[in-house]
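# Descriptive structure summary
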Amino acid sequence: MAGRLLLFLLVSVTLGHTHFLSGQRLKPRLQRDRRNIRPNIILVLTDDQDLELGSMQAMNKTRRIMEEGGTSFSNAFVTTPMCCPSRSSMLTGKYVHNHNTYTNNENCSSLSWQRQQEPRTFGVYLNNTGYRTGFFGKYLNEYNGSYIPAGWREWLGLVKNSRFYNYTLSRNGVREKHGAQYPEDYLTDLITAESIRYFRSSKRVYPHRPVLMVLSHAAPHGPEDSAPQYSTAFPNASQHITPSYNYAPNPDKHWIMRYTGPMKPIHMEFTNTLQRKRLQTLLSVDDSMEKLYDMLVETGELENTYIIYTSDHGYHIGQFGLVKGKSMPYEFDIRVPFYIRGPNVEQGSINPHIVLNIDLAPTILDIAGLDTPPDMDGKSILSLLDTEKPVNRFQVNKKSKVWRDSFLVERG
């Protein structure tokens, strides 16, 4: 297994302290009235969504809710730009070399993963302390639907990899096949409706119990099937034509880049089509965010709910002559959108600190009043949100924090 990891990257300062304590104990400040203080948490995850290629420009509703209504992290990255390894890191708070899911096949939802890592995901910790937990959508690429992962009271997991139609779900352990009818089978709309139903019913039956939900969308992953009403959107999309677009070969980079030449015209035309189709799928995610927001307003839960929006990794469409894909140790593949809104989160703020996918689990535990377990590599970002208020939303917060300035990027 030696030699399988690629060490890369990046920036510059001293790492901050992390207090490694028991992950199962409520912090003293929340022991007094845990039923009424603990907030709801909603994690919205997209699949293969870039930041460098301008995908967020298509999502005006999401930007209004999350960018204007919360804090944007301008330096958010994943530690492995590949679906299953990154998602495993999000769930466990660990680097790839500590959870051992190196690729989309190797150890992805394997028996070893189920026995050693799944019992220590953030869903398990929150479920054990009274959260009403629900997972909706894509889980891990090799998840076969034969079991319900530990920690989830409500489970609607996609079997295998991302699809929009003609897929199978595991609904609380029962396999459920879906066809190609819109809107009832369209995955983005289905998991939105199911998650909203679960949230409403949880609050109706257990009004004092907090809810944790994960909405894990397929968009904008292939096969890039948009909802029919969006099939003609963005006819002239060109945000993917960045300075590195078709810049090839690159003799100063690693061996693949040295041997990758410029794209041919047919490949360039394909990249234009792909960008357009990816943006079209994200319009349904944009609608989903608005429905979630409206539901929280209607139920009176908005002010007691943290919403986090991010992606499992970025994407490239023509950058350095690479027609499409991910898994490269460059910013177009490792940089992701990352927004958070909720109680005491500055609205319209841009935060420049480096945050990572491995920080999601510690952050979710911290929101719930739990300490970070000693085996997690990430750390809670809540301390970064305690900042001086900027003059306007375009001003980067200047208050200094002791935080990381570098991180590890790994590949199987």
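Our subject in this report is the structure included herewith. Note that the coordinates shown come from a computational prediction; the quantities given were computed from them, not determined experimentally.

How each quantity is defined
Residues numbered from 1 in each chain as written. Predicted model: local features only at pLDDT ≥ 70, side-chain atom pairs only at ≥ 80, totals over all residues. Heavy atoms only, no water. Salt bridge = Lys/Arg side-chain N within 4 Å of Asp/Glu carboxyl O. Helix = DSSP H or I, 4+ residues; strand = E, 2+ residues; numbered from the N terminus. Buried < 20%, exposed > 50% of the residue type's maximum accessible area, 1.4 Å probe, protein only. Contact = heavy atoms within 4.5 Å. Polar contact = N/O pair within 3.5 Å; in protein donor to acceptor, adjacent residues only side chain to side chain. Core = buried A, V, L, I, M, F, W, Y, C linked by side-chain atoms within 4.5 Å. Pairing = 2+ DSSP bridges. Disulfide = S-S within 2.5 Å. Phe/Tyr/Trp six-rings, centres within 6.5 Å; stacked < 30°, edge-to-face > 60°. Lys NZ or Arg CZ within 6 Å of the ring centre and 35° of its normal. 1 Å grid on protein atoms, 1.4 Å probe; cavity = no way out; pocket = protein on both sides within 12 Å on 5 of 7 lines; lining within 4 Å. Points joined across faces, edges and corners; volume = space filled by probe spheres on them. Nonpolar A, V, L, I, M, F, W, Y, C, P; charged D, E, K, R; others polar.

### Considering the pattern of salt bridges
Under the definition given, this model contains 22 salt bridges. With its nearest N and O atoms 3.7 Å apart, the salt bridge here joins R87 to D47. Here the residue R87 occupies a position in helix α4 (residues 83-92), and D47 occupies one in the loop between β1 (40-46) and α3 (60-68), the gap between them amounting to 40 residues. Pair check on accessibility: R87 and D47 agree, each one buried. The closest approach of N and O atoms between R404 and D359, which form a salt bridge, is 2.7 Å.

### Focus on the environment of T92
Here T92 shows up in helix α4. Along the sequence, T92 and G123 sit 31 residues apart, while their C-alpha atoms lie 9.4 Å from each other. Non-local contacts of T92, meaning those with residues more than four positions away in its chain, are made with H99, W113, Q117, R120, T121, A361 and M376. Within the structure, the side chain of T92 is placed 3.3 Å from the backbone nitrogen of K94, a separation counted as a polar contact.

### Description of the nonpolar core
Proteins that are soluble and globular tend to have nonpolar side chains buried together. Formed by 53 residues in total, the largest nonpolar core has its most connected members in F73, F122, L126 and Y139. Setting aside anything within four residues of it in sequence, one finds F122 in contact with L43, M90, L91, W152, L212, V214, A361, I364 and L365. I42, L158, A237 and Y309 belong to the second-largest nonpolar core, a separate cluster that totals 43 residues.

### What about the pairing of strand β8 (residues 305-311)?
For β8, the buried fraction is high: 7 of the 7 residues fall into the buried class. Neither face of β8 is exposed, since T305, I307, Y309 and S311 on one face and Y306, I308 and T310 on the opposite face are all buried. Bridging between β1 and β8 involves 7 bridges; their strand directions are parallel. Counted as the bridge partner of I42 is I307 from β8. Alignment of β8 against strand β9 (residues 338-341), held across 4 bridges, turns out to be antiparallel.

### Some points on the state of the cysteines
All chains considered together, the criterion is met by 1 disulfide. Shown here is the disulfide that connects C84 with C108, its sulfur atoms set 2.0 Å apart. Judged by the torsion about the S-S bond (95 degrees), the C84/C108 disulfide is right-handed. Taken together, the residues C84 in helix α4 and C108 in the loop between α5 (96-99) and α6 (111-116) connect sequence positions 24 residues apart. Note on C84: relative accessible area 0%, which makes it buried. Counting only cysteine sulfurs, C84 is the nearest neighbor of C83, a cysteine outside any disulfide, at a range of 8.3 Å.

### Overview of the packing of aromatic side chains
Going through the model one piece at a time under the given rule, you end up with 18 aromatic pairs. Between the aromatic rings of Y143 and Y147, the centroid separation amounts to 5.5 Å while the plane-to-plane angle is 70 degrees, which identifies the pairing as edge-to-face. Taken as a pair, Y143 and Y147 share a single burial class, namely buried. Here Y165 and Y186 contribute two aromatic rings whose centre-to-centre distance is 5.3 Å and whose plane-to-plane angle is 50 degrees, an arrangement assigned as tilted. A residue pair is termed long-range when its members are at least 10 positions apart, and Y165 in the loop between β4 (154-158) and β5 (168-171) and Y186 in the loop between β6 (174-177) and α8 (187-205) qualify at 21 residues. A network of ring pairs unites the aromatic residues F122, F135, Y139, Y143, Y147, W152 and W155 as a single cluster. Residue placement shows R209 over the ring face of Y206; its charged tip is 5.2 Å from the ring centre.

### Here we look at empty space enclosed by the protein
Summed over all chains, the structure comprises 1 cavity of 30 Å³ or more. In terms of lining residues, the largest cavity is bounded by L43, L45, R87, M90, L91, F122, F135, Y139, V214 and S216. Among the secondary structure elements, those contributing two or more residues to the lining of the largest cavity are β1, α4 and β7 (211-216). Residues belonging to the lining of the largest cavity are distributed by class as follows: 8 nonpolar, 1 polar and 1 charged.

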